Amino acid sequence: METKSKPTLYWSLLMFKDWNLYIASTSKGLVFVGSQNKPFEELFEWAKKRFPGSPLVEDDEKLDPFVVEITQYLEGNRKNFTVPIEYAGTTFQLAVWNALCEIPYGQTKSYSDIANDINKPAAVRAVGAAIGANPALITVPCHRVIGKNGSLTGYRGGFEMKTLLLDLEKQASSSNE
C-alpha cells in the first residue's frame, strides 16, 4: 500500500552569495528547487498541490548532496547533476522535463525544438505549460528554453534569474574551452 502513504518532504534553504533558494526532496530524490529569493511560501504552496498531506520537515543534512551539486553549478564548476530527481508530474510533463535535461550545458533550444524532441510537434503550447510547471529549477534546466527568435521567455524564477543562469553557463563554457 505504498501509494497511499504520504511521503515526507525534506527541505532546506540553500544560500549562495546573494541567492536564497528553498529546495526539497523525498527519500527518493530532489522534487523542488525554488525561485531566487522567493519566500518559503512558494515551496509550501507547491507542496500543498503536488504532495497534499505530506509533512514538510527541515533537514539540512538530508539535502546536503543537493546543496553541494547546485552550489557547484552556481560556482560554474558543474555542468551535469548526478543527484537523484523524483519527478512529480504527468507522463507528458515527464517527457518534456526529460527533454530539458538533454539540452547541453551552455546551449539553448526553443519550445518547438522541445515539442519536436518529444515527437509532439503541434504541442508547442502544452510544452510551454509543462516547462512552466517544472518544479526543479536549475537541475531540470528549463532556463535553457528560449523563444524561436532568441528572445527570453517566461520563467518561474523570473527573467533576472534566467538571465543570470544563461550568462553563468556562457561564461563557464567559454572559460573551459
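Remember, it's a predicted structure, so these values are computed and weren't measured experimentally.

Caption draft 1: Fine view of the overall build of the protein chain. The helix and strand inventory of the protein chain stands at six helices and six strands. The secondary structure elements of the protein chain, listed N-terminal to C-terminal, are β-β-β-α-β-α-α-β-α-α-β-α. Against the 2.2 N^0.38 benchmark of 16 Å for 177 residues, the protein chain shows a C-alpha radius of gyration of 16 Å, consistent with a compact globule. Principal axes of the C-alpha set define a box for the protein chain whose edges measure 45 × 40 × 25 Å. Per-residue burial for the protein chain yields a buried fraction of 46% across its 177 residues. In the protein chain, once contacts between residues fewer than 6 apart in sequence are set aside, the share between residues at least 24 apart is 57%. Surface accessibility of the protein chain: about 9300 Å² in total, with carbon and sulfur atoms responsible for 52%. Across the protein chain, the 19 positively charged side chains and the 20 negatively charged ones have centroids separated by 9 Å.

Caption draft 2: Local environment of a negative patch on the surface. Taken together, Glu58, Asp60, Glu61 and Asp64 make up a surface patch of like negative charges. Residue contributions to the negative patch peak at three residues, all from helix H2 (residues 60-74). Relative to the helices and strands, Asp64 is located in helix H2. Given a relative accessible area of 41%, Asp64 falls into the partly exposed group.

Caption draft 3: Structural view of helix H3 (residues 91-101). Of all the positions in H3, only Gln93, Val96, Trp97, Ala99 and Leu100 are classed as buried. Projected down its long axis, H3 carries its buried residues within an arc of 155°, all on one side. Structurally, H3 contributes buried residues whose contacts are with helix H1 (40-50), helix H4 (111-117), helix H5 (124-132) and strand S6 (145-146).

Caption draft 4: Region of the structure containing the packing of aromatic side chains. For the coordinates displayed, the defined rule picks out eight aromatic pairs. Measuring from centroid to centroid gives 4.7 Å for Trp11 and Phe40, while their planes differ by 55°, and the two rings are tilted. On the criterion of sequence distance, the pair formed by Trp11 in strand S1 (residues 9-16) and Phe40 in helix H1 is long-range, its members being 29 residues apart. By relative accessible area, Trp11 is classed as buried at 14%. Here the aromatic rings of Tyr22 and Phe40 are separated by 5.4 Å at their centres, their planes lie at 75°, and the arrangement is edge-to-face. You can see Tyr22 sitting in strand S2 (residues 19-25) and its partner Phe40 sitting in helix H1, a full 18 residues away along the chain. Judged by relative accessible area, Tyr22 falls into the buried class, the value being 16%.

Caption draft 5: How the structure looks around the pattern of salt bridges. Evaluation of the coordinates by the stated rule reveals five salt bridges. The shortest N-O distance in the salt bridge between Arg156 and Glu42 comes to 2.7 Å. Residue Arg156 is located in the loop between S6 and helix H6 (159-175), and its partner Glu42 is located in helix H1; the two are separated by 114 residues in the primary sequence. Between Glu69 and Arg78 there is a salt bridge, with the nearest N and O atoms lying 3.7 Å from each other.

Caption draft 6: Structural detail: the side chain of Ser25. Along the chain, the position of Ser25 falls in strand S2. Those residues in contact with Ser25 that sit more than four places away from it in its chain are Thr8, Leu9, Tyr10, Leu30, Val31, Leu63 and Phe66.

Caption draft 7: Examining the environment of Glu42 more closely. Here the alpha-carbon distance between Glu42 and Lys62, two residues 20 residues apart in the chain, equals 20 Å. Among residues more than four places away in sequence, those in contact with Glu42 are Phe32, Gly34, Ser35 and Arg156. A polar atom in the side chain of Glu42 sits 2.7 Å from the side chain of Arg156.

Caption draft 8: Layout of the UniProt feature "domain: Methylguanine DNA methyltransferase ribonuclease-like" (unreviewed entry) in the protein chain. As annotated in UniProt, the feature "domain: Methylguanine DNA methyltransferase ribonuclease-like" (unreviewed entry) corresponds to residues 9-86 in the numbering used here. Secondary structure over residues 9-86 splits into 33% helix and 28% strand, and the C-alpha atoms at its two ends are 11 Å apart.

What counts and what doesn't
Residue numbers here run from 1 along each chain, matching the order of that chain's written sequence. In keeping with the predicted nature of the model, local features appear solely for residues at pLDDT of at least 70, side-chain atom pairs appear and are counted solely at 80 or more, and the whole-chain, interface and lining totals rest on all residues. In computing side-chain values, all of the structure's heavy atoms are included and hydrogens and water are not. Helical segments are the DSSP runs of H or I of at least four residues, strand segments are the runs of E of at least two, and each set is numbered from the N terminus. Here the globule rule reads 2.2 Å times residues to the power 0.38, and the radius of gyration is calculated from C-alpha atoms. Only protein chains enter the calculation, and the probe is 1.4 Å; a residue is then buried if its accessible area is under 20% of its type maximum, exposed if over 50%, and partly exposed in between. Only heavy atoms enter the contact rule, under which two residues are in contact if any of them lie within 4.5 Å. Areas reported here follow the Shrake-Rupley algorithm with a probe of radius 1.4 Å; residue values treat only the protein chains shown as occluding. In this charge count, Lys and Arg are treated as positive and Asp and Glu as negative; neither His nor the chain ends contribute. One atom stands in for each charge, and that atom is NZ of Lys, CZ of Arg, CG of Asp or CD of Glu. For patch building, the residue pool is restricted to those with more than 30% relative accessible area and no salt bridge; the joining distance is 9 Å between like charges and 5 Å between nonpolar side chains (Val, Leu, Ile, Met, Phe, Trp, Tyr). Salt bridges are identified by distance alone: a Lys or Arg side-chain nitrogen within 4 Å of an Asp or Glu carboxyl oxygen. The directions from the helix axis to the C-beta atoms form the arc being described. Only rings of Phe, Tyr and Trp enter the pairing, Trp through its six-membered ring, and a pair is recorded when the two centres are within 6.5 Å. The plane angle decides the type: under 30 degrees is stacked, over 60 is edge-to-face, the rest tilted. In the analysis that follows, any N or O atom pair within 3.5 Å is treated as a polar contact, provided that within protein one partner can donate a hydrogen and the other can accept it, and provided that, for residues neighboring in sequence, both atoms belong to side chains. UniProt positions are given in the numbering used here, feature names are shortened, and annotations may be inferred rather than shown by experiment.

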